[in-house]
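What follows is each chain in one-letter form.
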Amino acid sequence: ATAQIGVTGLAVMGRNLARNLARNGFTVAVHNRSPERTRSLVDEHGDEGRFLPAESMADFVAALERPRAVIVMVKAGGPTDAVIDELVPLLDSGDIVVDCGNAHFADTRRREEALRSHGLHFVGTGVSGGEEGALHGPSIMPGGSAESYRKLGPIFEKIAAQVDGVPCCRHIGPDGAGHFVKMVHNGIEYADMQLIAEAYDLLRAGLSAEPAEIAEIFRGWNSGELESFLIEITADVLAHTDAATGRAFVDVVLDRAEQKGTGRWTVQSALDLGIPITGIAEATFARSLSGHADQRAAARRAFPDAGERWQVGDRETFVEDVRRALLASKIVAYAQGFDHIRAGSREYDWGIDLGGTATIWRGGCIIRARFLDRIRQAYDEQPELPTLLVAPWFADTVDDGVPSWRRVVADAARAGVPAPAFASSLAYFDALRAERLPAALIQGLRDNFGAHTYHRVDRDGTFHTRWAADRTEVQP
Ligand code: NDP
């Protein structure tokens, strides 16, 4: 027998992806550096479908039908290169290597170019949904050549999550496009989680409520516009009680958020492209700040009581204010994330379809939400939309939310409750819609100390004022 596809790297993600493939009727060759993982997969789940286990890379490759398609699901970085180096001499022209690990898109571009010179297709593929998603249907974001997608598409579309009969998988674009889009997905995930965490914190401070009560508020929100996987699990986590102490689970967890790097990559890439993804950046920095225990302790000692007592008037109004502020801030974060994808697509000539990207995030991935269907619609109707904020539904929703948004951010500032993502999203919105920005003064300063020149509102051309001399204006 020959396998239609192979998976090498059978830790939790690879194992579940291989099971998902087998459960969907594909014959799957399976391999892992240490053969115990291969054996345990077949021992424990061999009855779920057709697996062809191999202990050597050569046997693994020999078990595959041509053109061969090999999924690599190992630790990102050096291990991925090591596996590729081992695979390449065993493959023939036209074969496909799929990297489903969390690679940086620049690494994917480098690998794609190297494998192309061997006549091989290299397909950097973003996979979201964690281990559950890998098993039951992830969101899949494949890059690489259109030709490779002709073989992979029917397989991936079958094992991906399905929403309204549409698979959460599509060809994103050449070389690193898939991993780029996965990176921005994770950045948006950071922003979404930070906004949710701030909303929880504001509710807790403003209402003096216990986590279990706030869980109920989130449960309520999950049946409206905010409906999403993250809001749903927020209610679960907030309602959870620690068995050892009987206290709310969130109160016994150390308040130090960790990160594996995709948020940082997203911000670094946005800086390179000049795209203000302030929501994702605030979220990434908020995690960093939470980890600076010494500074936090010192500042707490120096400023024990900097805020005013927070007295919320009507509780229901306040909860609704926070909900609207959360929704508006979330729209900003997603608008910025899609701007980032558009800029990356232009820079690298990927031709990414923004509506299509939103389509495949509707299910399977961590940011899956009802909301993404609206984003899909907005970009499908108007692919050149200047910003998601001005698409009809989004513009109306933000407009409705503005008074709430301002109240929440102002109240939080007065009370000394940090809400960096809420506040910076509002500032971004106000900056975008401002008639005039103080950027004019910055240009004046740059011209003053560095003769960097400026443009005028009333005449074309480039100007400089002789600041150190007679202050006359010249056209250099
Ligand atoms: P890990 O990232 O923990 O990687 C373990 C796997 O890598 C094992 O199969 C291991 O083999 C293999 N490996 C490590 N070094 C080498 C090497 N030098 N040569 C050959 N194989 C090597 O596994 P996960 O399943 O958690 O993740 C796999 C990939 O998927 C990663 O890139 C991860 O970033 C990505 N990912 C993970 C998600 C998650 O929720 N965990 C979600 C989405 C993507 P051995 O058994 O022999 O040690």
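For every chain, the first residue of the written sequence is number 1, and numbering continues from 1 onward in sequence order. Predicted model: local features are reported for residues with pLDDT of at least 70 only, side-chain atom pairs are reported and counted for 80 or more only, and whole-chain, interface and lining totals are derived from all residues. Where side-chain values are given, they derive from all heavy atoms of the structure, hydrogens and water being excluded.

**Some remarks on the overall build of the chain**
Numbering goes from the N terminus for both helices and strands, where a helix is a DSSP run of H or I of at least four residues and a strand is a run of E of at least two. From N to C terminus, the chain includes 20 helices and 11 strands. Against the globule reference of 23 Å for 476 residues, the chain gives a C-alpha radius of gyration of 25 Å, in line with a compact fold. A principal-axis box enclosing the C-alpha atoms of the chain has dimensions of 80 × 70 × 45 Å. For the chain, with 476 residues in total, the buried portion stands at 51%. A contact between two residues is defined here by any heavy atoms of the two lying within 4.5 Å. Counted over contacts in the chain with a minimum sequence separation of 6, partners at least 24 positions apart contribute 66%. All accessibility values rest on the Shrake-Rupley procedure with a 1.4 Å probe; residue burial counts only the protein chains present in the view. For the chain, the exposed surface amounts to about 22200 Å²; the carbon and sulfur share of it is 51%. Our radius of gyration is a C-alpha quantity, and the globule rule it is checked against amounts to 2.2 Å times the number of residues to the power 0.38. Note on exposure labels: buried denotes an accessible area under 20% of the residue type's maximum, exposed denotes more than 50%, and partly exposed covers the range between, all computed with a 1.4 Å probe on protein chains only.

**What to know about the site of the ligand**
A single heavy atom is enough: if one lies within 4 Å of a molecule or strand, its residue is considered near that molecule or strand. Contacts to the ligand come from 19 residues, most closely from Met 13, Asn 32, Arg 33, Ser 34 and Arg 37. Side-chain polar atom of Arg 33 to an oxygen atom of the ligand: 3.0 Å apart, as the coordinates give it. Coverage of the ligand by the protein chains reaches 77% of its 890 Å² of free accessible surface. Of all the elements in the fold, those that place two or more residues in the shell around the ligand are α1 (12–23) and α4 (78–87). The residue inventory of the shell around the ligand, partitioned by class, reads 10 nonpolar, six polar and three charged. We define a polar contact as two N or O atoms separated by no more than 3.5 Å, with the added condition that, inside protein, one atom must be a possible hydrogen donor and the other a possible acceptor, whereas residues neighbouring each other in sequence contribute only through side-chain atom pairs. Gly is placed with the polar residues, together with every amino acid not listed as nonpolar (Ala, Val, Leu, Ile, Met, Phe, Trp, Tyr, Cys and Pro) or charged (Asp, Glu, Lys and Arg).

**Here we look at helix α17 (residues 371–381)**
Those residues of α17 not exposed but buried are Phe 371, Leu 372, Ile 375, Ala 378 and Tyr 379. Seen from one end, α17 has its buried residues packed into an arc of 115 degrees, which puts them on one side. The elements touched by buried residues of α17 are α15 (315–348), α16 (354–360) and α18 (392–415). To obtain the arc, one takes the directions from the helix axis to the C-beta atoms.

**So, the pattern of salt bridges**
Whenever Lys or Arg places a side-chain nitrogen within 4 Å of a carboxyl oxygen from Asp or Glu, that contact is recorded as a salt bridge. Using the criterion set out here, one finds 36 salt bridges in the structure. The closest approach of N and O atoms between Asp 92 and Arg 68, which form a salt bridge, is 3.0 Å. Of this pair, Asp 92 sits in the loop between α4 and β5 (96–99) while Arg 68 sits in the loop between α3 (57–62) and β4 (69–72); the two residues are 24 residues apart in sequence, bridging distant segments of the chain. Note on Asp 92: relative accessible area 33%, which makes it partly exposed. Of the residues examined, Arg 68 reaches a relative accessible area of 6% and is grouped as buried. If you follow the salt bridges from partner to partner, you end up with Asp 81, Asp 99, Asp 107, Arg 110 and Arg 111 in one network.

**Things to note about the side chain of Arg 342**
Positionally, Arg 342 belongs in helix α15. Here Asp and Glu are counted as negative and Lys and Arg as positive; His is not counted, and neither are the chain ends. No salt bridge is formed by the buried Arg 342. Its closest oppositely charged neighbour is Asp 339, at 4.1 Å.

**Notes on the UniProt feature "domain: 6-phosphogluconate dehydrogenase C-terminal" (unreviewed entry) in the chain**
UniProt positions are given in the numbering used here, feature names are shortened, and annotations may be inferred rather than shown by experiment. The UniProt feature table records "domain: 6-phosphogluconate dehydrogenase C-terminal" (unreviewed entry) at residues 178–468. In this annotation, residues 178–468 is assigned 66% helix and 1% strand; the end-to-end C-alpha distance for the span is 52 Å.

**Overview of the sheet that holds strand β3 (residues 51–53)**
As summarised here, the arrangement of the seven strands in space is β3-β2-β1-β4-β5-β6-β7, forming an open sheet in which the pairing is mixed. Each having just a single partner strand, β3 and β7 (139–142) make up the two edges of the open sheet. This sheet shows a mean twist of 25 degrees between the axes of neighbouring strands, independent of strand direction. Two strands qualify as a pair provided that DSSP identifies no fewer than 2 bridges between them. One ladder, built from three bridges, connects strand β1 (residues 5–8) with β4; its direction is parallel. Looking across to β4, one finds that Val 7 is bridged to Ile 71. Throughout, an axis means a line fitted to C-alpha atoms (over the contacting stretch in the case of helices), and angles, computed between N-to-C directions, take values from 0 to 180 degrees.

**Here's the deal with the packing of helix α12 (residues 262–273) against α15**
Orientation of α12 relative to α15, taken along the N-to-C sense of each, is 60 degrees, at an axis distance of 10 Å. One finds that α12 runs oblique with respect to α15. Crossing angle aside, the handedness with which α12 passes α15 is left-handed. Judged by residue contacts, Thr 266, Ser 269, Ala 270 and Leu 273 of α12 engage His 340, Ala 343, Gly 344 and Glu 347 from α15. Classifying every residue of the contact of α12 with α15 gives three nonpolar, four polar and one charged. Just so you know how the angles are binned, under 35 degrees is roughly parallel, over 145 roughly antiparallel, 65 to 115 roughly perpendicular, and the rest oblique. Handedness of a crossing is defined here by the sense of rotation of the near helix relative to the far one, left-handed for an anticlockwise turn of less than a right angle and right-handed for a clockwise turn.

**Considering the nonpolar core**
Here, nonpolar core refers to any group of buried Ala, Val, Leu, Ile, Met, Phe, Trp, Tyr and Cys residues whose side-chain atoms link them within 4.5 Å. Ranked by size, the top nonpolar core spans 89 residues in total, and within it Leu 203, Phe 218, Trp 221, Trp 361, Ile 375, Trp 405 and Phe 422 carry the most contacts. Residue contributions to this core peak at 15 residues, all from α15. Excluding residues within four positions of it along the chain, Phe 422 makes contact with Leu 195, Glu 198, Ala 199, Leu 202, Val 322, Ala 325, Leu 326, Ser 329, Trp 405, Val 408 and Val 409. Within the second largest apolar cluster, 29 residues are counted, among which are Leu 17, Val 28, Val 123 and Tyr 149.

**A short note on a nonpolar patch on the surface**
A grouping of Val 237, Phe 249, Val 252 and Val 253 is seen on the molecular surface, where their side chains present a nonpolar patch of about 270 Å² in accessible area. We classify Phe 249 as partly exposed; its relative accessible area is 30%. For patch detection, residues must exceed 30% relative accessible area and be free of salt bridges, and they are connected within 9 Å for like charges or within 5 Å for nonpolar side chains (Val, Leu, Ile, Met, Phe, Trp, Tyr).

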